[in-house]
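Coordinate inspection notes
Letter by letter, the chains look like this.
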Amino acid sequence: MAFESNDHSNTGLMNIKLKRRFTYGTILMFNLCTGLGYAIIFPTIWNYIHDRLGGQTYMLGIVISAYSLSSFIANPLVGWWSDKSLNTRKILLVTILAEAVGSILYFVGMHIWVLVIGRLIAGD
């Protein structure tokens, strides 16, 4: 009987460790994808705006600052949502999805303002 209860506690401990590893892995992948976004976007953004879309010089600042502006507004809201819901998985999933949608809009942007909207969405 004592052996069975010890077995259940080990199983519970293993599940907690597995969940913790999964959570850390998800956070790691989120940060990796965000870093890759910076590594892809910043070196290519000027050529993309100027050569492909024929944008003016000031549009570079608008597209880059759209991400920061969106992040400045969304981070307190996402933090408040996280405090209220206590379900970080759902919040992390929504923010990763928004980052992916914003990046897709950036990469397929056919107009300069699509780039701005993509960066606004990605800055969640």
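The shown structure was predicted, so the numbers you read here are calculated from the model rather than taken from an experiment.

Let's shift gears to the UniProt feature "transmembrane region" (unreviewed entry) in the chain. Under the UniProt annotation, the feature "transmembrane region" (unreviewed entry) is placed at residues 22-46, 58-79 and 91-116. The annotated region residues 58-79 carries 100% helix and 0% strand content, and the separation between its end C-alpha atoms amounts to 32 Å. Taken end to end, residues 91-116 is 85% helix and 0% strand, and its first and last C-alpha atoms sit 23 Å apart.

Right, let's get into the nonpolar core. Counting 11 residues, the largest nonpolar core consists of Ile41, Ile45, Tyr48, Ile49, Met59, Val63, Ala66, Tyr106, Ile112, Leu115 and Val116. Put simply, the parts of the chain that give this core at least two residues each are helix 1 (2-52), helix 2 (58-85) and helix 4 (112-122). The element best represented in this core is helix 1, accounting for 4 residues. Setting aside chain neighbours within four positions, we find Ile112 in contact with Ile49, Leu53 and Met59.

Turning to the side chain of Arg119, a few remarks are in order. Assignment of secondary structure puts Arg119 in helix 4. Buried charge without a partner: Arg119 forms no salt bridge, and the closest opposite charge is Glu99, 5.5 Å away. In contact with Arg119, other than residues within four places in its own chain, are Ile41, Val63, Ala66, Tyr67 and Tyr106.

Here is what the cut-offs are and how they apply
Residues numbered from 1 in each chain as written. Predicted model: local features only at pLDDT ≥ 70, side-chain atom pairs only at ≥ 80, totals over all residues. Heavy atoms only, no water. UniProt positions renumbered as here; feature names shortened; annotations may be inferred. Helix = DSSP H or I, 4+ residues; strand = E, 2+ residues; numbered from the N terminus. Core = buried A, V, L, I, M, F, W, Y, C linked by side-chain atoms within 4.5 Å. Buried < 20%, exposed > 50% of the residue type's maximum accessible area, 1.4 Å probe, protein only. Contact = heavy atoms within 4.5 Å. Lys, Arg positive; Asp, Glu negative; His and termini not counted. Salt bridge = Lys/Arg side-chain N within 4 Å of Asp/Glu carboxyl O.

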